[in-house]
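Residue-level listing of the chains:
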Amino acid sequence: MASSNIKFNGTIGSKTKSRDAIRVQATKCEGFMQPEYKNFSIDPEITTFEMLQLLLMQAFQLKSEFTISYLSRDDEGDDVFLALLSDWDLDAAIFCASDPCLRLRIDAKPFEGPGLLEGWDVIGGHDAPNSSSDRRAVPFVGSFVNQVGRTLTRLQKVFQIAEEENAEEDQKYELPKPPLDDQEFLTYLNYLGCLEKPHELRLRVYQGGVEPSLRKVVWRHLLNVYPEGMTGNERLDYIREKTDDYRILNKRLLSDLREENVHIRNMVMKDVNRTDRQEGFFAGEDNPNSKKLFNILTTFSLAHPEVSYCQGMSDLAAPLLYVLEDEAQAYVCFCCLMKRLKGSFLPDGKSMSIKFLHLTELIRCVDEEFYRYLKNENADDLYFCYRWLLLELKREFSFQDALRMMEIMWSSLPPDPPPRELGVSLEGPPCQSSPSAYTVDRTRFKFSLKKASSRDEFSSALPKTKNNSPIAKKKADLSAKGSPKLKVECSCTGEFCENCREIEENEKKQQERVASNQTSNGASDSKPSTLPPQTLSLHQNTNSTSNNLTSPAAGLQLSPASPHRQAISPQQTRKSPFRGLPHPRDFGGGNPYMMFLCLSLLLEQRDRIIDNKMDFNEMAMLFDRMVRKHHLNRVLHRARGLYSQYLQSEAAYTGFVMVRGNNTTGDSIQQSYNATSPKHNVAKLIGTVT
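Note that this is a predicted model, so its numbers are computed, not measured.

Caption draft 1: Expanded view of the overall build of the protein. When helices and strands are counted, the protein shows 26 helices and 13 strands. In the protein, buried positions account for 48% of the 690 residues. Counting only contacts in the protein whose residues sit at least 6 apart along the sequence, the fraction spanning at least 24 positions is 75%. By element, 50% of the accessible surface of the protein is carried by carbon and sulfur atoms, the whole surface being about 35,100 Å².

Shown next as structure tokens:
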């Protein structure tokens, strides 16, 4: 049968031949009486099950209940009569059994015995309330089943509309580029297999993620497993060496059955048994992959006594094992990941405290109204975001979406390869005063379970250090002038760190440029010279290097609460809503993009929270219900736009050249920095993610 002769008739899951009429041969059977035959035609486009019932009642003068069945063929090719109970069945009959005609059998008695009518009180039309005497009664059972069929049809249509809307939304928030594939990945390697363009690779992953089949290769680069400059053969030898080292370490540590180690093993096993069990990779009892995950976490906990084990580590290790499918390689990657995240799992809670403060300050900068609402509801400590910050949002998306989110987030970080001589360290330093596993288990979550009564109480709980640096004095002066109490310019410990020195030097240079502009224009309030259209310039030095990169955030419609950086003068750059936020290498504990992902999740529910006047507990329950249900592309879309503004604000403040030009794929940002300056990490970071 040619496909061109088939069309949908509007009912989900059914098809009809493109025919104007369907011939019907109906046979009435009633006990031992002689069968009656009627022939007529119906229009398949407008005939419903209820209309067919009325036609048969008139044709055979039926005044009692009856059932309808149609002749079809089973899988073995034998004739069989199937019950016709709804519009759905009628569509199936017309499509499957109407060539050359539709053969119907009408039984004057309803189906008897257990089955369809079991447990029902069958009534006739005269028993129905408000029924008129001159109107023929439609059989109750058939009418009821017909209504069920119609309801199912409406539900199917609703689901189809929802799927179409989701598809349109996915297309609207589609990533700037398709996932990285094998062929394109090879362009970042030289003929020896050495990764020559690590920054460009991270930019490409940030723009579209990685093909699932390529993840086990690219993730090792994103997680800084390999020392810099290794060829393909050297990487293979390196992985073999680390695999052998892991097996020796695993065998030695798991054979130690001291009481403290046994307690850690029990905690790990309890978490492994409930980690991502909905995924087939970890599902079922005695799953070998669950055993591998147990080995990875137990080995790491015993090999790093200063960190030990903490609930949540299993959520970070499970995706690595799922992608790499190798226990030893997953352990190496987990060690690289925990090198950056171990502070979040330490009992002192300092790292998590800083992340909470940074996220709160980010909300205040971007959406002052939402910040005030949270503060009035005593929810500005954002403790309901604890899971987000600890697990870097791994549980907030479906498992496959979480893999995409994680690789994009990792690609936003600058490369940090291990030393070539030693490579990745699989074992941490010994900890003489390490608390017992039970003590770690008790003290580590004291921070997450306590809810401070105010931001001031939370801030006062942080350790205070005396800081006499010029930057600290500047912060004190700003605070005295009425600026917000919470200032997170730098997360240094009180010493005059390189970040503070860099900020101070840039401020001095900006002040010099302000004075120079004022002198040249002859007035203190004169406007800066006009630049060519679509060009932003903040020149710092003529001896500079440039590099054009495409921004995936180009063309985004930014919210009024956080306008795009358009100014060119130092005075105007200070008006950015992101001024006052920490340097990118300090923001969010060194992961600034995660802060903007968290902000996007909050802004997704902002109006719902305010309109329903939710308090802290209601917000916590709302986001608990949305675990693994957030829309990834929409969240990435919003986070990318805000993050781009933050980086451009940071670049403008530190004096980098920014050029906006027309490009088929979006904006381009040109960076220029002094070749003689020690380091400009902002430039490197912008080169990676913008």
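Caption draft 2: Representation of the packing of aromatic side chains. Enumeration over the complete set of coordinates arrives at 21 aromatic pairs. Ring geometry for Tyr-593 against Tyr-643: centres 5.2 Å apart, planes inclined by 50°, an arrangement best described as tilted. You can see Tyr-593 sitting in helix α22 (residues 592–604) and its partner Tyr-643 sitting in helix α25 (residues 632–654), a full 50 residues away along the chain. For the residue pair Tyr-593 and Tyr-643, the accessibility class agrees, reading buried in each case. A cation over a ring is seen here: Arg-235 above Tyr-226, with NZ or CZ 5.6 Å from the ring centre.

Caption draft 3: Up close: the packing of helix α5 (residues 198–208) against helix α6 (residues 215–222). At a closest axis distance of 11 Å, the pairing of α5 and α6 adopts a crossing angle of 120°. In terms of orientation, α5 lies oblique with respect to α6. Note that α5 runs across α6; the crossing there is left-handed. Touching Leu-201, Arg-202 and Val-205 of α5 are Val-218, His-221 and Leu-222, all from α6.

Caption draft 4: Spatial organisation of the packing of α6 against helix α10 (residues 313–324). For the pair α6 and α10, the least separation of the axes is 8 Å and the interaxial angle reads 135°. Between α6 and α10, the interaxial angle falls into the category oblique. Of the two possible hands of crossing, α6 and α10 adopt the one that is left-handed. Contacts between α6 and α10 involve Arg-215, Lys-216, Trp-219 and Arg-220 from the first element and Pro-319, Leu-320, Val-323 and Leu-324 from the second. Broken down by class, the residue content of the contact of α6 with α10 amounts to 5 nonpolar, no polar and 3 charged.

Caption draft 5: View of a nonpolar patch on the surface. A cluster of nonpolar side chains, contributed by Trp-88, Val-148 and Leu-152, occupies part of the molecular surface with about 250 Å² of accessible area. Along the chain, Trp-88 turns up in helix α2 (residues 87–97).

Caption draft 6: Summary view of the confidence of the model for the protein. With 62% of its residues at a pLDDT of at least 70, the protein reaches an overall mean of 74. Note that pLDDT drops below 50 for residues 131–138; the model gives that stretch 11 contacts with residues more than four away or on any other chain.

Caption draft 7: Broad picture of the environment of Leu-374. With respect to the helices, strands and loops of the structure, Leu-374 is situated in helix α13 (residues 368–376). Of the residues examined, Leu-374 reaches a relative accessible area of 2% and is grouped as buried. In this structure, the C-alpha to C-alpha distance between Leu-374 and Ile-610, residues 236 residues apart in sequence, is 9.1 Å.

Caption draft 8: Layout of the sheet that holds strand β5 (residues 67–73). Taken together, the 5 strands give an open sheet; going across it, the order is β4-β3-β7-β5-β6, and neighbouring strands pair in mixed fashion. Strand pairing shows two members of the sheet lacking a second neighbour, β4 (36–42) and β6 (79–83), which therefore form its edges. The average angle at which neighbouring strand axes cross in this sheet is 30°, direction not considered. By the bridge criterion, 4 bridges tie β5 to strand β7 (residues 102–107) in an arrangement that is antiparallel.

Caption draft 9: Seen up close, the pattern of salt bridges. Enumeration according to the criterion identifies 27 salt bridges in this entry. Here Lys-375 makes a salt bridge to Asp-380, at a shortest N to O gap of 3.7 Å. On the accessibility criterion, Asp-380 (3% relative accessible area) is buried. Taking the shortest distance from any N to any O, the salt bridge between Glu-604 and Arg-638 comes out at 3.5 Å. Note that Glu-604 is positioned in helix α22 and Arg-638 in helix α25, a separation of 34 residues in sequence. Where salt bridges share partners, they join Asp-276, Asp-315, Lys-394 and Arg-395 into one cluster.

Caption draft 10: Just the pairing of β5, in detail. Counting buried positions along β5 gives 5 out of 7 residues, so the element sits mostly inside the fold. Relative to β6, β5 is paired through 5 bridges, and the arrangement is antiparallel. By the bridge assignment for β6, Leu-71 is matched with Phe-81. Counted along the chain from β5 to the antiparallel partner β6, the turn is 5 residues long, and its residue Gly-77 has a positive phi close to 90°.

Caption draft 11: Spotlight on unusual backbone geometry. A positive phi angle, near 50°, is found at Asp-276, a position not held by glycine. Its location among the elements puts Asp-276 in the loop between α8 (259–272) and α9 (288–303). For Asp-276, a relative accessible area of 2% gives the class buried. Of note, Asn-378 is a non-glycine position whose phi angle comes to about 60°, a positive value. In this fold, Asn-378 is placed in the loop between α13 and α14 (386–391). Owing to a relative accessible area of 26%, Asn-378 belongs among the partly exposed residues under this scheme.

Reading guide: rules and limits
- Residues numbered from 1 in each chain as written.
- Predicted model: local features only at pLDDT ≥ 70, side-chain atom pairs only at ≥ 80, totals over all residues.
- Heavy atoms only, no water.
- Helix = DSSP H or I, 4+ residues; strand = E, 2+ residues; numbered from the N terminus.
- Buried < 20%, exposed > 50% of the residue type's maximum accessible area, 1.4 Å probe, protein only.
- Contact = heavy atoms within 4.5 Å.
- Areas by Shrake-Rupley, 256 points an atom, 1.4 Å probe, with all protein chains shown as cover.
- Phe/Tyr/Trp six-rings, centres within 6.5 Å; stacked < 30°, edge-to-face > 60°.
- Lys NZ or Arg CZ within 6 Å of the ring centre and 35° of its normal.
- Axes fitted to C-alpha atoms, helices over the stretch in contact; angles between N-to-C directions.
- Parallel < 35°, antiparallel > 145°, perpendicular 65-115°, else oblique.
- Left-handed = near helix turned anticlockwise from the far one by under 90°.
- Nonpolar A, V, L, I, M, F, W, Y, C, P; charged D, E, K, R; others polar.
- Patch = residues over 30% accessible without salt bridge, like charges linked within 9 Å, V, L, I, M, F, W, Y side chains within 5 Å.
- Salt bridge = Lys/Arg side-chain N within 4 Å of Asp/Glu carboxyl O.
- pLDDT = per-residue confidence, 0-100.
- Pairing = 2+ DSSP bridges.

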